Amino acid sequence: MTDLFNDYRMTIDGELVDSPDRIDVINPANEQVICTVPAASEDDLDRAVAAAKHAFHDWRALPLGERQRMVSALGDAIDAYAEDFMRLLTMEQGKARAGAEWEIGGSVAWCRAIAEQSLEPDLVEDGPERRVETLRVPLGVVGAITPWNFPLLLAVWKIAPALVTGNTMVLKPSPYTPLCTLKLGEIAQGILPAGVLNILSGNDALGAAITAHPDIAKISFTGSTATGRKIMAAASGDLKRITLELGGNDPAIVLPDVDPQQVAQDIFWAAFQNSAQFCVAAKRVYIHEDVYDAVRDALVAYSAKVKVGDGSQQGTDLGPIQNKMQFEKVKDLLADTAALGVPVLTGGAASQGPGYFIPVTLIDNPPEDSRVVREEAFGPVLPLLRFTDIDDVVQRANDTEYGLAASVWSADTEKARAIAGRIEAGTVWINEVHIFGPHIAFGGHKQSGMGVENALEGLAEYTNPQTIITRKHVLIT
Ligand code: NAD
């Protein structure tokens with residue numbers, strides 16, 4: 001039986017490894033240090049990459065079914081410790097119970113479902129002259145780098161497809177939320193051969209060292225657009241493959257034929273789930289002027305029913321901001337928004353602490369060029385914006401460097417579908433949000449990313465195509 005609440009060590013080549021350099025992990029609900037974790041050295045990284053490189057040879061040679069079985073078993077192992085993982089996740093990340101259940105349950109489900117996927121060879125030609133087939137072959141060592149909002153689920157989104165397709169991995173969680181991922185590394189050693197999955201905790205500099213490492217073939221990254229740009233530049237040195245899942249500034253468009261009460265509740269959770277620390281949170285809500293006042297008032301009323309607090313306490317709906325850096329960023333945005341002089345409908349002031357708490361904050365029709373509309377808040381500050389004309393709202397929705405996701409809300413799904421087709425985003429939901437699946441391709445347009453995760457397209461991102469052409473006549477000299 002593994003103890004998830006003590007003794008956090010890295011996993012390198014099947015061994016648990018410590019380091020004299022330490023990182024404090026802080027509970028964002030009370031600002032107490034939970035524990036310290038090792039900060040990997042360059043030597044640790046070299047050893048992890050060497051182990052992954054060594055393990056690659058045998059791992060890729062295993063029958064696909066064997067790799068699938070082990071990835072599925074990883075899901076079973078998370079499931080066996082689900083209750084502890086949920087508590088640990090709330091402790092390090094801050095999210096409330098329902099959110100922790102969603103993330104841990106999703107991690108289990110993803111391992112099991114991705115373990116059923118495979119990329120079949122494509123027989124392009126098979127005539128009397130020749131046979132042409134395109135296979136999908138693994139890349140080698142994948143470097144994975146994850147953020148602090150969904151630390152375990154986003155790690156699993158990378159581990160499962162990379163391993164099923166025959167790659168090995170070195171993964172670095174965010175220094176703010178390393179605990180669940182370090183424990184996953186430990187648990188995985190009872191399932192996977194040594195070296196197949198190595199977990200290193202460390203700061204941003206470790207991420208940069210991973211992206212520069214000559215023996216890493218691909219970087220799979222989830223995080224901010226700013227870091228994504230640095231990774232793309234670093235990867236150009238030796239043409240590493242990259243998958244980048246980055247930031248967003250998702251518009252929600254509310255048409256005049258909605259039920260204001262119902263849509264207000266749905267939009268609330270679209271925006272504030274995980275305390276709005278969600279790449280695909282609705283971050284700008286465009287409401288048709290015919291229903292603007294009704295939806296706005298219903299949103300304010302619904303907000304009053306939602307409890308913000310320590311995620312480990314029963315009855316809490318929304319936890320704190322995950323870390324001090326992000327807390328300061330959101331406070332700065334609040335100050336900038338206050339200076340606009342537009343009505344703040346609810347919230348507006350951060351708590352004095354302890355804990356990085358920001359109340360649900362709704363802003364009444366701020367200018368389109370204000371920071372609260374243009375920037376990804378990544379915190380519970382939501383601008384409500386009026387519109388009258390569909391062409392105008394589509395133009396405003398698309399007027400951003402981001403293109404992650406969007407939503408359209410209407411009783412007329414055909415009309416909503418027509419608008420969805422005009423939005424520049426990787427995912428557009430109609431009358432719902434945040435539907436993901438191992439079989440549903442997810443990725444950003446524009447500066448929200450490059451490549452996709454999930455579905456067979458996501459699996460293919462961990463492979464190179466290899467075409468084998470066989471001439472059927474034997475040449476006789
Ligand atoms: P971040 O970019 O600051 O950090 C993410 C990870 O990158 C961390 O592990 C960090 O240590 C590492 N890192 C930092 N600098 C690096 C560098 N130069 N080279 C390599 N690695 C480096 O992002 P964050 O603040 O942890 O996460 C929030 C952001 O992530 C938001 O913008 C959010 O929209 C985005 N996000 C996107 C998705 C998606 O699927 N598109 C999902 C979740 C979060």
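Residues numbered from 1 in each chain as written. Predicted model: local features only at pLDDT ≥ 70, side-chain atom pairs only at ≥ 80, totals over all residues. Heavy atoms only, no water.

I tried to follow the packing of helix α4 (residues 97-114) against helix α5 (residues 151-164) on my own but got confused; where do I start?
Helix-helix packing is described using two parameters, namely the angle between the two axes and the distance between the axes. For the pair α4 and α5, interaxial distance at closest approach is 9 Å and the crossing angle is 5 degrees. As far as their axial angle goes, α5 and α4 are roughly parallel. Contact with α4, carried on its side by Trp102, Glu103, Ile104, Gly106, Ser107, Trp110, Cys111 and Ile114, involves Pro151, Leu152, Leu153, Val156, Trp157, Ala160, Pro161 and Val164 of α5 and no other residues of that element. Class assignment of the residues belonging to the contact of α4 with α5 gives a composition of 13 nonpolar, 2 polar and 1 charged. (Axes fitted to C-alpha atoms, helices over the stretch in contact; angles between N-to-C directions. Helix = DSSP H or I, 4+ residues; strand = E, 2+ residues; numbered from the N terminus. Parallel < 35°, antiparallel > 145°, perpendicular 65-115°, else oblique. Contact = heavy atoms within 4.5 Å. Nonpolar A, V, L, I, M, F, W, Y, C, P; charged D, E, K, R; others polar.)

In this structure, what is going on with helix α14 (residues 413-420)? I would like to understand it.
In an α-helix there are 3.6 residues to a turn, and that puts residues three or four apart on one side. Listed as buried for α14 are Ala416, Ile419 and Ala420. One side of α14 carries all its buried residues, which in axial view fall inside an arc of 100 degrees. Within α14, the exposed residues directed more than 90 degrees away from the buried face are Glu414, Arg417 and Ala418. Looking at the buried residues of α14, the elements they touch are β12 (250-254), α13 (390-398), β17 (405-409) and β18 (427-430). You can read the cap of α14 off the contacts: a side-chain oxygen lies 3.2 Å from the backbone nitrogen of Glu414, and it is on Asp412. (Buried < 20%, exposed > 50% of the residue type's maximum accessible area, 1.4 Å probe, protein only. Arc of directions from axis to C-beta. Polar contact = N/O pair within 3.5 Å; in protein donor to acceptor, adjacent residues only side chain to side chain.)

Explain the site of the ligand here, please?
Close to the ligand lie 28 residues, the nearest being Asp204, Ser224, Thr227, Leu246 and Glu376. With respect to the ligand, the side chain of Thr227 contributes an N or O atom lying 2.8 Å from an oxygen atom. Here the ligand has 860 Å² of accessible area as a free molecule, and 92% of this is covered by the chains. For the shell around the ligand, the secondary-structure elements that each account for two or more residues are α7 (204-212), β10 (218-222) and α8 (225-235). Residue composition of the shell around the ligand, grouped by class: 14 nonpolar, 9 polar and 5 charged. Counting contributing residues, the shell around the ligand receives three or more from each of domain 1 (3-246 + 444-467) and domain 2 (250-430). (Near = heavy atom within 4 Å. Areas by Shrake-Rupley, 256 points an atom, 1.4 Å probe, with all protein chains shown as cover. Domains from an automatic or database assignment.)

I would appreciate a short explanation of the sheet that holds strand β6 (residues 130-138) in the present structure.
The strand order β5-β6-β20 describes an open sheet built from 3 strands, whose pairing is antiparallel. Two strands close off the open sheet at either side, each with one partner strand: β5 (122-126) and β20 (463-471). Put simply, the sheet's adjacent strands are angled 20 degrees from each other on average, direction ignored. (Pairing = 2+ DSSP bridges.)

When you look at helix α1 (residues 42-61) in this model, what are you seeing that I'm missing?
Under the 1.5 Å per step criterion, the end-to-end length of α1 is 29 Å for 20 residues, consistent within 8% with the ideal 28 Å. The largest bend along α1 reaches roughly 35 degrees and is located at Ala55. Buried residues of α1: Asp44, Leu45, Ala48, Val49, Ala51, Ala52, Ala55, Phe56 and Trp59, and no others. (Expected span 1.5 Å × (residues − 1). Bend = angle between axes of the 7 residues up to and from the residue.)

Could you clarify how one ought to interpret the sheet that holds β18 in this entry?
Hydrogen bonds between backbone groups are what pair the strands of a sheet, and the pairing can be parallel or antiparallel. Sheet architecture is open: 7 strands sit in the order β14-β15-β16-β13-β12-β17-β18, paired in mixed fashion. The strands lining the two open edges of the sheet, one partner per strand, are β14 (344-346) and β18. Averaged over neighbouring strand pairs, the angle between their axes works out to 25 degrees when direction is ignored. Relative to β17, β12 runs parallel, the two sharing 3 bridges. Paired with Val254 across the strands is Trp409, a residue of β17. Across the sheet, helix α10 (residues 289-303) lies against β13 (282-288), β14, β15 (361-364) and β16 (381-387), angled at about 160 degrees from β16, the strand it touches most.

Without other data, these values stay purely geometric and don't point to any function.
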